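# Breakdown of the fold
So you can see what is in the structure, the chains are spelled out below.
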Amino acid sequence: MTLGITLESLSLGYARGPVLREVDLAVRPGEVLVIVGASGSGKSTLLRALAGLLPPHGGRVLADDAEVTGTSRERAMVFQDDGLLPWRTVRRNVELPLRIRGLSRRERRAVAQDWLARVGLEGHEDRLPRELSGGMRQRVQLARALAGTPRAVLMDEPFGALDAQTRAGMQALLLDVLRDTRATIVFVTHDVDEALLLADRVVVLGRGGVRSVVEVPSPRDPAAGRAGLRGQILEEL
Amino acid sequence: MTADARITDARITDARITDARPAEVRPAEVRSADEVRAAEGRTAGARADGPRAAGAQAGDPPGASAWARRRARSGAKVRRRLVGAASLLVAAGLWQVLTVTDAQVWLRFDRLPTLGEIGAGTASRVTTPLYWLDLLQSLIRILTGFGLAAVAGVAAGVLVARSARAGDVLTPLFEAVRPIPAIALVPVAILLFPADEQGIVFITFAAAFFPIMVSTRHAVRALPTLWEDAVRTLGGGRRHVLWHVVLPGILPGVFGGLSVGMGVSWICVISAEMISGEFGVGYRTWMSYTIVDYPAVIVGMITIGVLGWLTSAAVELVGRRVTPWLPRAQEES
């Protein structure tokens, strides 16, 4: 089951001042919405608000029709920095959302094993995060987020720290995995080509708000029309 | 945004993208997930084998470099132990020279026992049940006081660091009592508790409590918020954050506090025994001094040193065992 997320006149900021003002936006159930913007444009701030990690200064976030007042397992998050718990093995990290939900050991193990196979980490179950490469750690994060069967996955520049080859592979893997899951995806990046590769729609942030929303023609895949969209997005940035 | 700024941003974005991979060829270049999984697996494998591979010479039989590394490591360990033993032997030799010659070089060694007298004293003491009773009594006191302090110190440290209200109530109290040396609490302990035994355990507890509490408090505050955010966005509440993030995450800091706590616990238990005990290594050492049995004083001191070293080493060992995920453990293994 997918989740629709609505932002109504949402204002966000920190003690040092506002970051976003009066943002209105609807994330459609089941779509991949990619948010792009220059550094400091409020991409990650917006994502934290969607996750329920940051209370708004004004306005509200609705998950379906319910106001978001805190975190929920329905909205899992994948972080750019290593969000894995370093003392838990790969398997036990992926089992974490299932443990929180109170699943039995046997159920946890079966689900975790399935997700680890899907992200290509079979044989690495008993390794600690520090024994993995950056790309492998991000795959564990992805498996952990999806193992909890969230209705939306919020991804904060998850491939930003990876080298070009690994990032390309992770993008392919994500597209692979997205075919199997119907979760709504909100993906933050500042790589316009990554946005066009993954997105159903691209939201461009800047000047404290949404500058434009660009529909990406389906299928996402290759070329047609992307050069024009890329130019349009870069112009907005 | 000005036109110039926009152009600059666009160039930066373009440059980054071009570095990463040319936009025109990307779709063809995107490798299949399987290919990348295989490549990354190889990379990680190579990383894990990195030092071994680096140490190997071309043409070496497999495992030769691993064997060379093990040999070098064990050689270094033997050398370190030899240096440590030599240091102790030199100190013992110096003691022997100073005491046999009744040296009086401002410090007076003429009244201190020689190594032979200490050896004879040790042999006669360790064969008596009283020696072992004293030793057991001190160990029970320290393990009880230290154990209670470990539980209470970790609980209090977590509480004041995680709860603003608890911090407001308890921090002023802790900060007012913390500077008082535990041994200065002896008169209060004598007045407060019906038996000496409980008073000594209380002193030991008070000595270990504050280092453990302060280390725990710092460790909780130093935890990256990212781990907590991760657990919360997976559906975890405060209880899950405490159990899955805070308690395991603070272990390195807590064990720092436990090591310090164990040291000061020994200082205080021995001092308290000297003041108000009826048994125990501290009591016996002081009694030996009052009856002018100087070899027995040295035997008591050596016993205290060995017990302190063993218990501190046990804390260190447990600390390493419960934090195998720290990089330190990897280097040493």
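## Details of the overall build of chain B
Across its full length, chain B carries 16 helices and two strands. Each of the 333 residues in chain B was classed as buried or not, and the buried ones make up 30%. Expressed as a percentage of contacts within chain B between residues at least 6 apart in sequence, the contacts between residues at least 24 apart total 68%.

## Some points on the overall build of chain A
Helix and strand counts for chain A come out as seven helices and 10 strands. The C-alpha radius of gyration of chain A comes to 18 Å, within 12% of the 18 Å expected for a compact globule of 237 residues. The principal-axis extents of the C-alpha atoms in chain A amount to approximately 50 × 40 × 35 Å. A separation threshold of at least 6 residues defines the contact pool for chain A, and within that pool the share at least 24 residues apart is 69%.

## Brief notes about the sheet that holds strand β2 (residues 17–27) of chain A
Strand pairing in a sheet relies on backbone hydrogen bonds. The paired strands run either parallel or antiparallel. Residues and elements named next belong to chain A. On the basis of which strands lie adjacent, the open sheet formed by four strands has the order β2-β1-β4-β5 and antiparallel pairing. Each end of this open sheet is capped by a strand with a single partner; those strands are β2 and β5 (66–67). Bridge count for strand β4 (residues 58–63) against β5 is two bridges, and the pairing is antiparallel. Among the inter-strand pairings, L62 is bridged to a residue of β5, identified as E67. Against the sheet, helix α1 (residues 43–51) makes contact with β1 (5–14), β2 and β4, and its axis sits at roughly 120° relative to β1, the strand it touches most.

## Let's talk about the sheet that holds strand β9 (residues 201–206) of chain A
Residues and elements named next belong to chain A. The sheet built from six strands is open, its strands ordered β6-β7-β8-β3-β9-β10 with mixed pairing. Lying at the two open borders of the sheet, with one neighbouring strand each, are β6 (75–78) and β10 (209–215). Within the sheet, the average angular offset between the axes of one strand and its neighbour, ignoring direction, is 20°. Direction of pairing for β9 relative to β10: antiparallel, over a ladder of six bridges. The residue of β10 that forms the bridge with V204 is S212.

## Regarding the pairing of β4 of chain A
Residue and element names in this part refer to chain A. Relative to β4, β1 is paired through five bridges, and the arrangement is antiparallel. Directly across from S11, in β4, lies its bridge partner G58. With antiparallel pairing between neighbouring strands as the criterion, β4 and β5 make up a hairpin whose turn holds two residues, including D64 at a positive phi of roughly 55°.

## Brief notes about the confidence of the model for chain A
Chain-level statistics for chain A give a pLDDT mean of 88 and a share of 95% at 70 or above. Ranking the elements of chain A by mean pLDDT puts helix α7 (residues 226–236) of chain A last, at 70, and helix α2 (residues 90–101) of chain A first, at 96.

## As for the packing of α2 of chain A against helix α3 (residues 105–118) of chain A
Residues and elements named next belong to chain A. Where α2 contacts α3, the axes come no closer than 9 Å and their chain directions differ by 120°. Here α3 runs oblique to α2, going by the angle between their axes. Two packed elements cross with a definite hand, and for α2 against α3 that hand is right-handed. For the pair α2 and α3, the contacting residues are V90, R91, V94, E95, L98 and R99 in the first and E107, R108, V111, A112, W115 and L116 in the second. Considering only residue class, the contact of α2 with α3 consists of seven nonpolar, no polar and five charged.

## Quick notes on the environment of G58 of chain A
Secondary-structure assignment places G58 of chain A in strand β4. The spatial distance from the C-alpha of G58 of chain A to the C-alpha of E22 of chain A is 7.7 Å, given a sequence separation of 36 residues.

## Observations concerning the pairing of strand β8 (residues 184–189) of chain A
Both faces of the sheet carry side chains from a regular strand, because those side chains alternate between them. Residue and element names in this part refer to chain A. By the criterion of burial, β8 is predominantly enclosed, with six of the six residues buried. Alignment of strand β3 (residues 32–37) against β8, held across five bridges, turns out to be parallel. By the bridge assignment for β8, V36 is matched with T189. As judged from the five bridges shared by strand β7 (residues 152–156) and β8, these two strands associate in the parallel manner. Directly across from D156, in β8, lies its bridge partner V188. Once the chain exits β7 it traverses helix α5 (residues 164–180) before rejoining the sheet at β8, and the crossover so formed is right-handed.

## Observations regarding unusual backbone geometry
Residues other than glycine seldom take positive phi values, yet S9 of chain A does so here, at roughly 45°. Relative to the assigned elements, S9 of chain A resides in strand β1. Phi at W106 of chain B is positive, roughly 70°, even though this residue is not glycine. Residue position: W106 of chain B is located in the loop between β1 (104–105) and β2 (107–108).

## Section: the nonpolar core
With 128 residues, the main nonpolar core has V34, A143, V153, V186 and V202 of chain A together with I203 of chain B as its most contacted residues. At 15 residues, helix α10 (residues 196–221) of chain B tops the list of elements feeding residues into this core. In contact with V186 of chain A, not counting residues within four places along its chain, are V27, L33, I35, L47, L50, A152 and L154 of chain A. If you look at the next biggest cluster of nonpolar residues, it comprises five residues, including I118, A296, I298 and V299 of chain B.

## Brief notes about the packing of helix α7 (residues 129–162) of chain B against helix α14 (residues 281–290) of chain B
All names here are of chain B. It is at 7 Å that the axes of α7 and α14 come closest, and there the two elements cross at 130°. Comparing their axes, α14 and α7 come out oblique. On α14, the residues touching D134, L135 and S138 of α7 are V281, G282 and R284.

## Observations regarding helix α6 (residues 115–126) of chain B
In an α-helix, one turn spans 3.6 residues; hence positions three or four apart end up facing the same way. All names here are of chain B. Its 12 residues place the ends of α6 16 Å apart at the C-alpha level, agreeing with the 16 Å of an ideal helix rising 1.5 Å per residue. All of the buried residues in α6 are I118, G121 and R125. The buried side chains of α6 occupy one side of the element, clustering within an arc of 65° when seen end-on. More than 90 degrees from the buried face of α6, the exposed residues found are G116 and A123. The secondary structure elements touched by the buried residues of α6 are α7 and α15 (294–322).

## Here we look at the confidence of the model for chain B
Residue and element names in this part refer to chain B. The predicted model of chain B has a mean per-residue pLDDT of 83, with 79% of residues at 70 or higher. Predicted confidence is poor over residues 1–33, with pLDDT under 50, and the contacts of this stretch with residues over four places away or in other chains come to 39 contacts. With pTM at 0.79, the complex prediction returns an ipTM value of 0.89.

## Details of the environment of V216 of chain A
Residue and element names in this part refer to chain A. Mapped onto the fold, V216 is located in the loop between β10 and α7. Owing to 20 C-beta atoms within 10 Å, V216 belongs among the buried residues under this scheme. Expressed as a C-alpha distance, the spacing of V216 and E22, which sit 194 residues apart in the sequence, is 25 Å. Every residue in contact with V216, bar those within four places of it in the chain, is listed here: L196, A199, D200, R201, V202 and L229.

Scoring rules and cut-offs
- Residues numbered from 1 in each chain as written.
- Chains lettered and ligands numbered in written order.
- Predicted model: local features only at pLDDT ≥ 70, side-chain atom pairs only at ≥ 80, totals over all residues.
- Helix = DSSP H or I, 4+ residues; strand = E, 2+ residues; numbered from the N terminus.
- Buried ≥ 20, exposed ≤ 12 C-beta atoms within 10 Å, placed from the backbone.
- Contact = placed C-beta atoms within 7 Å.
- Rg over C-alpha atoms; globule rule 2.2 N^0.38 Å.
- Pairing = 2+ DSSP bridges.
- Axes fitted to C-alpha atoms, helices over the stretch in contact; angles between N-to-C directions.
- pLDDT = per-residue confidence, 0-100.
- Parallel < 35°, antiparallel > 145°, perpendicular 65-115°, else oblique.
- Left-handed = near helix turned anticlockwise from the far one by under 90°.
- Nonpolar A, V, L, I, M, F, W, Y, C, P; charged D, E, K, R; others polar.
- Right-handed = clockwise from strand over helix to strand, strands pointing away.
- Core = buried A, V, L, I, M, F, W, Y, C linked by C-beta atoms within 7 Å.
- Expected span 1.5 Å × (residues − 1).
- Arc of directions from axis to C-beta.

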